[in-house]
Amino acid sequence: MLKGRLEDDRMLTGRGRYVSDWNLPGQAYGHFVRSDRAHAEIRSIGKEAALAHPGVLGVFTGEDIRGELKSLPCALPVKGRGGMELINPGRPALAQGRVRFAGDAVALVVAESAVAAQDAAELLEIEYSDLPAVVRARDAVMRGAPLVHDSVPANIVLDYESGNEVLAGQAFEKAARVVELEVDISRVIGNPIEPRACLAAFDTASGRYHLYACTQGAAIMRNQLSAVLGVPPEQIRVIAEEVGGGFGVRFNLYPEYCAALFAAKKLARPVKWTGSRSEVFLADEQARDVRARGALALDGQGKILGMRFDMLANLGAYLAPTGPFINTLGIVNCLSGVYDVPAAYARIRLALTNTAPMAAYRGAGRPVMSYALERLVEHAAHEIGMDPAEFRRRNFVRQFPYRIAAGFEYDCGDFEGVMDKAIAAAAWPGFADRKKHSENQGKLRGRGMSTYIEATGAGFAPQDQVEMRWSEDGRTLTLYAPTHNHGQGHETTFAQVVTRVLGIPLEAIRLRTAGADFYIAGNATGGSRSLLAVGSVLLLGAQELVKKGLALAAEALEASASDLEFRDGHYRIKGTDRKISLQRLAAERPKELDIAYANKFGSCFPNGCHIAEVEIDPSSGETQIVSYVACDDAGNLINPQIVAGQMHGGIAQGAGQVLSELAVYDPDSGQLLTGSFMDYAMPRPGDVQGLQLLEHPVPTTLNPLGAKGVGEAGVTGSLPAVMNAVVDALRSRGVRRFEMPATPRRVWQALQSAAN
Ligand code: MCN
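A brief report on the enclosed structure follows. (Residues numbered from 1 in each chain as written. Predicted model: local features only at pLDDT ≥ 70, side-chain atom pairs only at ≥ 80, totals over all residues. Heavy atoms only, no water.)

On to the overall build of the chain. Helix and strand counts for the chain stand at 21 helices and 28 strands. Relative to its length of 756 residues, the chain is compact, with a C-alpha radius of gyration of 27 Å against a globular reference of 27 Å. Expressed as a percentage of the 756 residues in the chain, the buried residues total 60%. The long-range fraction of contacts in the chain, counting pairs at least 24 apart against all pairs at least 6 apart in sequence, stands at 81%. Element-wise, carbon and sulfur atoms account for 50% of the exposed surface of the chain, whose accessible area totals about 28000 Å². Between the centroid of the 79 positive side chains of the chain and the centroid of its 85 negative side chains there is a distance of 2 Å. (Helix = DSSP H or I, 4+ residues; strand = E, 2+ residues; numbered from the N terminus. Rg over C-alpha atoms; globule rule 2.2 N^0.38 Å. Buried < 20%, exposed > 50% of the residue type's maximum accessible area, 1.4 Å probe, protein only. Contact = heavy atoms within 4.5 Å. Areas by Shrake-Rupley, 256 points an atom, 1.4 Å probe, with all protein chains shown as cover. Lys, Arg positive; Asp, Glu negative; His and termini not counted. Charge placed at Lys NZ, Arg CZ, Asp CG, Glu CD.)

Written as structure tokens, this is what we have:
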């Protein structure tokens, strides 16, 4: 039995090589000068004093990159209402003419030392002319709101719709009861452990760019860079080992990386930049921030006849490469959730504001849908006086495949089986007694459920490539894969998949994903697809490798290939003890057993039932999760321990958003008010007490592993489950409406207002 992960030893003994650990001979250091205001015209930038500072090598601004670097890319494969195309106002690597959010990069100062670059940055003379700013989406779409970009009327880049509006309208006309709920899915800041950093270099001899950067996948970043630099992807290498976490906010190319590459080429020196935690808060992509109004049309027996959502998403000041995707297809790919709904429709308006750009964050749209829907479903059950589990049971999808109104097709699932297991583990019928017990202790107790579903496995690139190369002595096999490992345990689980086929020891397998010396195309880590998609390609690749070895083994054993069998890492002449191991064969026939393989496996639908119970201390407003049951269907599991870790992390991430995290911009000044850990409260160990994790696997046939993704499932389930529990507890004291986060102050205030 495998204990721990293959990567643990390296990570726990300080041998992980993080982005800022890389150095190149002759490197210089960069420092970004950022806008200190939310919206302004740049009237002039005086560089002289900064350039004269000792050690300064160059100062680059938006005007320097004009005509040399193209805009950061952003595209969407679908149109909006009435055929509306996404309006992409573009994003230069350094602000040109205007700054559009507090933190927007205005200039890059490069010097012989990081300190010299920072000191010189202070000497830059930037003259601004302030413009009015708007930070909330609901304000940005009001008539007369300041325009973030003149090319985007009413600040709306897309008015998107999905499902069938007419059918949904008919369902509402014949409904016996309509239930509505409006919710805010709050804005959060990702905060991986390593702040963003890069080391950029240009090799004049080969004309190649090298970028060491925080990335979730070299190939995607390379393609995005290719669009900005105007050179083919083959001329770009993206290199990374440890990146200190990703959580979605390391998926896209960032402007700073482009500016650093530009400076490296101009100065003929590698340029290193190590961002600060403040820069993470200010200038990393942020996430969620969607207001959703939902409605259910019900018949007299609690059956859902139709549903409608109207959402407004805040996309920030510029379109991040994946921002529009996440807020359209990323949301509706599970429109109507686990429920059999004859008619569903969603409209989502994507608005620009003077805030940091928005993109993926664990769940990438699906937590928004699951939160809006599961809050609504739970609310509806209470409104019609039905047990929330019973209400869900009446509405579950039971026949597969099931096509939802948004066009996506669920291939399999057992939603009722999943919920029944969770209900049993959560001792559902005993809740009234537990509530009484809590009340006797002076606490309010609430229970919340979510029966979530999410789409994992989509992927923008058409194929995932893998390679397997043997060392000369045949002792090690190195796997090359496009998805990057930043905490998910790929080194272990990918090796487990391959060793199942090849029968070689787990420790003989290495994983490489982003290096200077190889070029792999495919999808980044995102959409919880690494195992189901890249793991599946590795599985098939390993099978190809065994086939390839057959002829070589036949030669080595002087037998006919048809007389051989492959078992436990050996080719053997059937019925005899004459055999040769795969590893020996690899040593005897160098490179001949190496293999390259490509394929693509796409979306499948993990789901689960999460039940949270919270206790609130009404005297302080403090909320504690006292019990949490999660029963999940992730299909076949490769490594249950890693899966449990992923679920635990995801659940805590969702709980963090519900209980403490909130990114706040001041509506008047447009400044980020929560720009440090003093103001932005991350979840802590112990926030989720009484955690029980259960499995109810229904293997998918959409990939050869029968696996569904787990990396984001926890957050998709916990966000609504924990909030439903908080709202349930507050409901008993007459609180009618309450939005995240349930910080002690906000909970206490809500209780005071309800009491008065
Ligand atoms: N696994 C398994 N059996 C399954 C499914 C998965 O054993 N049926 C294993 C996989 O082999 C892998 C792990 O569980 O080791 C997660 O797999 P998967 O669901 O394929 O997700 P990814 O590896 O693609 O990870 C991406 C996902 C996303 S999108 C975000 S965001 C996220 C997350 O994972 N960011 C993370 N988990 C994170 N965990 C850490 N520690 N750090 C992050 O930045």
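Next, the rest of the story.
How two aromatic rings sit relative to each other is given by the distance of their centres and the angle of their planes. In the structure shown here, the tally under the stated rule is 17 aromatic pairs. A centroid spacing of 4.8 Å and a plane angle of 45° characterise the contact between Trp-22 and Tyr-212, whose relative ring orientation is tilted. Separated by 190 residues along the polypeptide, Trp-22 in the loop between α1 (8-12) and β1 (28-34) and Tyr-212 in strand β10 (residues 208-213) bring together distant segments of the chain. Note on accessibility: Trp-22 and Tyr-212 belong to one class, buried. (Phe/Tyr/Trp six-rings, centres within 6.5 Å; stacked < 30°, edge-to-face > 60°.)

Here helix α19 (residues 640-659) spans 28 Å end to end across 20 residues, near enough to the 28 Å set by a 1.5 Å rise per residue. You can read the cap of α19 off the contacts: a side-chain oxygen lies 3.1 Å from the backbone nitrogen of Gln-641, and it is on Asn-639. (Expected span 1.5 Å × (residues − 1). Polar contact = N/O pair within 3.5 Å; in protein donor to acceptor, adjacent residues only side chain to side chain.)

Our next topic: the sheet that holds strand β23 (residues 570-573). Backbone hydrogen bonds are what pair the strands of a sheet, in a parallel or an antiparallel way. Pairing within the open sheet is antiparallel, and its three strands lie in the order β22-β23-β24. In this open sheet, the two edge strands, each paired with only one partner strand, are β22 (564-567) and β24 (579-581). Within this sheet the neighbouring strands show an average axis-to-axis angle of 20°, counted without direction. Examined bridge by bridge, β23 and β24 share three bridges and lie antiparallel to one another. (Pairing = 2+ DSSP bridges. Axes fitted to C-alpha atoms, helices over the stretch in contact; angles between N-to-C directions.)

Looking at the element boundaries, Arg-100 is found in the loop between β4 (98-99) and β5 (105-111). Although Arg-100 is buried, it makes no salt bridge; Asp-104 carries the closest opposite charge, 5.9 Å away. (Salt bridge = Lys/Arg side-chain N within 4 Å of Asp/Glu carboxyl O.)

Now for unusual backbone geometry. Most peptide bonds adopt trans geometry, and most residues besides glycine take a negative phi value. Backbone torsion omega between Phe-400 and Pro-401 reads -5°, so that peptide bond is classified as cis. Here Pro-401 shows up in the loop between α13 (388-395) and β16 (402-403). At Ala-268, a position not held by glycine, the phi torsion is positive, near 55°. Within the secondary structure, Ala-268 is located in the loop between α8 (255-267) and β12 (271-274). Of note in the backbone geometry, Asp-568 takes a positive phi value of approximately 50° without being a glycine. On the secondary structure map, Asp-568 appears in the loop between β22 and β23.

What follows concerns the packing of helix α12 (residues 366-383) against α13. Packed helices, taken two at a time, are described by the angle between their axes plus the distance between the axes. Two numbers describe how α12 lies on α13: the axes approach to 8 Å, and their chain directions differ by 110°. It follows from the interaxial angle that α12 and α13 lie roughly perpendicular. In this structure, α12 meets α13 at a crossing whose hand is right-handed. Only Pro-388, Phe-391 and Arg-392 of α13 make contact with α12, whose side of the interface consists of Glu-374, Val-377, Glu-378, Ala-380, Ala-381 and His-382. Here the contact of α12 with α13 is built from residues that sort into five nonpolar, one polar and three charged. (Parallel < 35°, antiparallel > 145°, perpendicular 65-115°, else oblique. Left-handed = near helix turned anticlockwise from the far one by under 90°. Nonpolar A, V, L, I, M, F, W, Y, C, P; charged D, E, K, R; others polar.)

Overall, the coordinates contain 54 salt bridges when judged by the stated rule. Between Asp-184 and Arg-291 there is a salt bridge, with its nearest N and O atoms 2.9 Å apart. Of this pair, Asp-184 sits in strand β8 (residues 177-189) while Arg-291 sits in strand β13 (residues 286-298), placing them 107 residues apart in sequence. Overall, Arg-291 belongs to the partly exposed group, its relative accessible area being 23%. Here Arg-469 and Glu-467 are joined by a salt bridge, their closest N and O atoms 2.9 Å apart. Given the relative accessible area of 19%, Glu-467 is considered buried. Through salt bridges with shared partners, a single ionic network connects Arg-34, Arg-196, Arg-250, Glu-256, Glu-279 and Asp-284.

This part takes up the environment of Val-614. Tracing the sequence through the fold places Val-614 in strand β26 (residues 607-617). Once residues within four sequence positions are removed from consideration, Val-614 is found in contact with Leu-444, Arg-445, Gly-446, Thr-623, Gln-624, Ile-625, Val-626, Ala-725, Val-726 and Ala-729.

Another point: the nonpolar core. Counting residues in hydrophobic clusters, the biggest one holds 161 residues, and the most contacted among them are Tyr-257, Phe-309 and Met-311. In this view, Phe-309 contacts Arg-293, Gly-294, Leu-335, Tyr-345, Ala-346, Arg-347, Met-369, Ala-372, Leu-373 and Leu-376; residues no more than four positions away in its chain are not counted. Counting residues in each nonpolar core, the second largest holds 43 residues, with Val-466, Ile-504, Ala-586 and Ala-707 among its members. (Core = buried A, V, L, I, M, F, W, Y, C linked by side-chain atoms within 4.5 Å.)

We now examine the sheet that holds β10. With mixed pairing, seven strands are arranged side by side in an open sheet as β3-β5-β1-β12-β9-β10-β11. In this open sheet, the two strands that pair with only one neighbour each are β3 (56-61) and β11 (236-239). Across the sheet, the mean angle from the axis of one strand to that of its neighbour is 20°, orientation sign disregarded. The pairing of β10 with β11 spans four bridges and is classified as parallel. Bridged to Tyr-209 within β11 is Ile-236. Sheet contacts for helix α7 (residues 218-229): β10 and β11; angle to β11, the most-contacted strand, approximately 140°. Across the sheet, α8 is in contact with β1, β3, β5, β9 (197-203), β10 and β12; its angle to β9 comes to roughly 35°.

Moving on: the packing of helix α16 (residues 490-502) against helix α17 (residues 530-557). Running from N to C, α16 and α17 point in directions that differ by 35°, and their axes come no closer than 9 Å. The chirality of how α16 crosses α17 is right-handed. Residues His-490, Phe-494, Val-497, Val-498, Val-501 and Leu-502 of α16 pack against Ser-530, Leu-531, Val-534, Gly-535, Leu-538, Leu-539, Ala-542, Gln-543, Leu-545 and Val-546 of α17. Considered class by class, the residues forming the contact of α16 with α17 number twelve nonpolar, four polar and no charged.

Another point: the side chain of Ser-450. You can see Ser-450 is positioned in strand β18 (residues 444-453). Look at Ser-450 and you get buried, because its relative accessible area is 0%. For Ser-450, the side chain forms a polar contact with the main-chain oxygen of Gly-717, separated by 2.8 Å. With residues near it in sequence (within four places) discarded, Ser-450 still touches Glu-374, Arg-392, Gly-608, Cys-609, His-610, Gly-717, Pro-720 and Ala-721.

The next point concerns the site of the ligand. Of all residues adjacent to the ligand, which total 32 residues, the nearest are Gln-488, His-490, Ser-530, Gln-646 and Val-710. One of the backbone nitrogen or oxygen atoms of Leu-531 is found 3.0 Å away from an oxygen atom of the ligand. At a separation of 2.7 Å, a nitrogen atom of the ligand approaches a polar side-chain atom of Gln-646. Look at the ligand: alone it shows 840 Å² of surface, and the protein chains cover 95% of it. Listed by contribution, the elements that provide at least two residues to the shell around the ligand are α16, α17 and α19. Top contributing element to the shell around the ligand by residue count: α19, with three residues. Looking at the shell around the ligand residue by residue, the class counts come to nine nonpolar, 19 polar and four charged. (Near = heavy atom within 4 Å.)

The values reported here are purely geometric and, on their own, carry no functional implication.
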